[in-house]
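A closer look at the structure
Each chain, letter by letter, is given below.
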Amino acid sequence: MTNNVMVPEAMPSITVAAVANSPSLLPYPPPRSGGASAAAIRKKSLSPVELNGGLTKGWLDSMKASSPTHAKATAALAAAPAYEHSASIMRHPSALIEFEQIMSATDGKQIVIFLDYDGTLSPIVDDPDSAFMSDAMRAAVKEVARCFPTAIVSGRCRSKVYDFVRLTELYYAGSHGMDIKVPKRYTKKKRAVLFQPASEFLPMINEVHRALLEKTKSIPGAKVENNKFCVSVHFRCVDEKRWNGLLEQVWSVLNEYPKLRITQGRMVLEIRPTIKWDKGKALEFLLESLGFADCKSAVPLYIGDDRTDEDAFKVLRDRGQGFGILVSKYPKETNASYSLGEPSEVMEFLLRLVEWKHLSLKARPK
Ligand SMILES: O=P(O)(O)OC[C@H]1O[C@H](O[C@H]2O[C@H](CO)[C@@H](O)[C@H](O)[C@H]2O)[C@H](O)[C@@H](O)[C@@H]1O
């Protein structure tokens, strides 16, 4: 355990009572038009689906602290007392330092790699359209995919994340796992698998995207991104003084869509269907499609940096299978077992995996 200051990358968890007792807080979900009672709102706030990753008290603080490239990150670090180190929050062991231990736990089983994109394979940048991965990272991912089944699981829409990664040998799950494509050469039945559990929401998402574009166009720096089955509203380039205004605009749109929910990522609000599907479910779906439904036959390694990746870390922890690896410079409350500081360390870890695979093949008795 270190004495590092804990800086949350997404929102801190809070109790429902704290929400109910804080009139200054904007409640989530927002009051629907038609005037839901405060009790009804509080009751709705209890929904685990919404609290788990939903927008809660402290969203402004956590939004401020969620960006390593944001000027206020330094200030957030300086505000140590606000994020005091607690016994439950510690830096997890480095996956690089503990590499041999991780590998010995794989015990000859099939390793399957799951990679988040933004903040994991590419550094966080101001413009989401310029979040390119380096050629060196692409080469490392290509090598790793030669050695192990490898999937990208991203909040972005699948086609966009493919345009960044440009490797045909991978499986892609976009829209937080709500758009999964497994190429036919990898499926048992040799038929491409396309899984889109939120397809009925497509018209609604497009409508919300258009409404949000319109509502936010007067806010300098605000960016609305259509991720096919979800929409991202970016705060990164918006002056902090306007964040509440931007949030209000988002809520004014969402008021009309009770079948959508909102979660918070790194300087971003993500609007998505209320269906019970997330990166954790996507991980399970992919394992099954690849023929590894049986816990005993595969060791999944899931590497991600965001709040939404916690769903996948939790699945691994609950199944007692494989390892979650959190990408974060700061200690954080997480279900991951190991950590890596930044994308450059992710690349180093991937290259170690490739090297390990080659050495283990050489060591095999002829
Ligand atoms: O699941 P992910 O692949 O991590 O996608 C989550 C969001 O990633 C992108 O936004 C984040 O990265 C941007 C580029 O570095 C950055 O500007 C933004 O502040 C980050 O939140 C993507 O643009 C979003 O649509 C995804 O939801």
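The chain has the name Trehalose 6-phosphate phosphatase in an unreviewed UniProt entry, where Musa troglodytarum is given as its organism. The annotation that UniProt attaches to the chain under Catalytic activity (unreviewed entry) is "alpha,alpha-trehalose 6-phosphate + H2O = alpha,alpha-trehalose + phosphate".

This part covers the overall build of the chain. Counting its secondary structure elements, the chain contains 13 helices and 12 strands. In the chain, which comprises 366 residues, the share counted as buried stands at 51%. Considering only residue pairs separated by 6 or more positions, the chain has 66% of its internal contacts joining residues 24 or more positions apart.

Before going further, it helps to spend a moment on the nonpolar core. If you look at the biggest cluster of nonpolar residues, it comprises 53 residues, and the most contacted ones within it are Phe114, Leu212, Ile271 and Leu286. The biggest single contributor to this core is helix 10 (residues 243–254), with 7 residues. Beyond its immediate sequence surroundings of up to four residues, Leu286 is in contact with Phe114, Ala151, Val153, Tyr171, Ala173, Ile180 and Val182. Within the second largest apolar cluster, 39 residues are counted, among which are Met133, Ala140, Leu167 and Val327.

Quick look at the sheet that holds strand 8 (residues 260–265) now. Strand order in the open sheet formed by 4 strands is 6-7-9-8, with antiparallel pairing between adjacent strands. The open sheet has two edge strands, strand 6 (223–226) and strand 8, and neither has a second partner. For this sheet the average axis-to-axis angle between neighbouring strands, irrespective of direction, equals 20 degrees. Direction of pairing for strand 6 relative to strand 7 (residues 231–234): antiparallel, over a ladder of 4 bridges. Across the sheet, residue Val224 finds its bridge partner in strand 7, namely Val233. In the packing of helix 9 (residues 202–216) onto the sheet, contacts are made with strand 6, strand 7, strand 8 and strand 9 (268–273), and the angle to strand 6 comes to roughly 165 degrees.

Moving on, we come to the confidence of the model for the chain. Parts of the prediction with low pLDDT should not have their coordinates interpreted in detail. Averaged over all residues, the pLDDT of the chain is 80; the fraction at 70 or higher stands at 75%. This model gives residues 70–88 a pLDDT under 50, and the stretch forms 25 contacts once residues within four places in sequence are excluded. Across the assembled chains, the prediction reports ipTM 0.98 with pTM 0.82.

A separate point is the side chain of His176. Here His176 lies in the loop between strand 3 (171–174) and strand 4 (179–182). By relative accessible area, His176 is classed as buried at 2%. A distance of 3.4 Å separates a polar atom in the side chain of His176 from a polar atom in the side chain of Glu270. What His176 contacts, discounting residues up to four positions off in sequence, is Ser154, Gly155, Cys230, Glu270, Arg272, Trp277, Asp278, Lys279 and Thr308.

Bringing the packing of aromatic side chains into the picture now. Each aromatic ring pair is described using two quantities: the centre-to-centre distance and the angle formed by the ring planes. Taken as a whole and assessed by the stated rule, the structure comprises 11 aromatic pairs. Note on Phe132 and Phe164: the rings are 5.6 Å apart at their centroids and 70 degrees apart in plane angle, and the pair reads as edge-to-face. Pair noted here: Phe132 is in the loop between strand 1 (110–115) and helix 7 (135–147) and Phe164 is in helix 8 (residues 158–165), with a separation of 32 residues, a long-range link. For Phe132, a relative accessible area of 54% puts it in the exposed group. Here Tyr162 and Tyr172 contribute two aromatic rings whose centre-to-centre distance is 5.2 Å and whose plane-to-plane angle is 75 degrees, an arrangement assigned as edge-to-face.

For the rest of this paragraph, the subject is the state of the cysteines. Enumeration according to the criterion identifies 0 disulfides in this entry. Left unpaired, Cys230 is separated from the closest cysteine sulfur, that of Cys157, by 8.7 Å.

It is worth spelling out the pattern of salt bridges at this point. Applying the stated rule across the entire model yields 15 salt bridges. Among the ionic pairs, Lys217 bridges to Glu214, the shortest N-O distance being 2.7 Å. By relative accessible area, which is 60% here, Lys217 ends up exposed. Here Glu214 falls in the partly exposed class, since its relative accessible area comes to 48%. Between Lys314 and Asp318 there is a salt bridge, and its shortest N-O distance comes to 2.8 Å. Residue Lys314 and its partner Asp318 are both found in helix 12 (residues 310–319); the two are separated by 4 residues, about one turn of the helix. Judged by its relative accessible area of 56%, Asp318 is exposed. Via salt bridges that share partners, Asp118, Arg156, Lys160 and Glu225 belong to a single interconnected network.

This part takes up helix 13 (residues 343–363). With 21 residues, helix 13 ought to run about 30 Å at 1.5 Å a step, and its terminal C-alpha atoms sit 30 Å apart, in line with that. If you check which residues of helix 13 are buried, you get Pro343, Val346, Phe349, Leu350, Leu353 and Val354. Projected onto a plane normal to the axis of helix 13, the buried residues spread over an arc of 140 degrees and lie on a single side. Within helix 13, the exposed residues directed more than 90 degrees away from the buried face are Leu359, Lys362 and Ala363. If you follow the buried residues of helix 13, they end up packed against helix 6 (99–106), strand 1, helix 7, strand 10 (298–304), strand 11 (323–327) and strand 12 (338–340).

Analysis parameters
Residues numbered from 1 in each chain as written. Predicted model: local features only at pLDDT ≥ 70, side-chain atom pairs only at ≥ 80, totals over all residues. Heavy atoms only, no water. UniProt positions renumbered as here; feature names shortened; annotations may be inferred. Helix = DSSP H or I, 4+ residues; strand = E, 2+ residues; numbered from the N terminus. Buried < 20%, exposed > 50% of the residue type's maximum accessible area, 1.4 Å probe, protein only. Contact = heavy atoms within 4.5 Å. Core = buried A, V, L, I, M, F, W, Y, C linked by side-chain atoms within 4.5 Å. Pairing = 2+ DSSP bridges. Axes fitted to C-alpha atoms, helices over the stretch in contact; angles between N-to-C directions. pLDDT = per-residue confidence, 0-100. Polar contact = N/O pair within 3.5 Å; in protein donor to acceptor, adjacent residues only side chain to side chain. Phe/Tyr/Trp six-rings, centres within 6.5 Å; stacked < 30°, edge-to-face > 60°. Disulfide = S-S within 2.5 Å. Salt bridge = Lys/Arg side-chain N within 4 Å of Asp/Glu carboxyl O. Expected span 1.5 Å × (residues − 1). Arc of directions from axis to C-beta.

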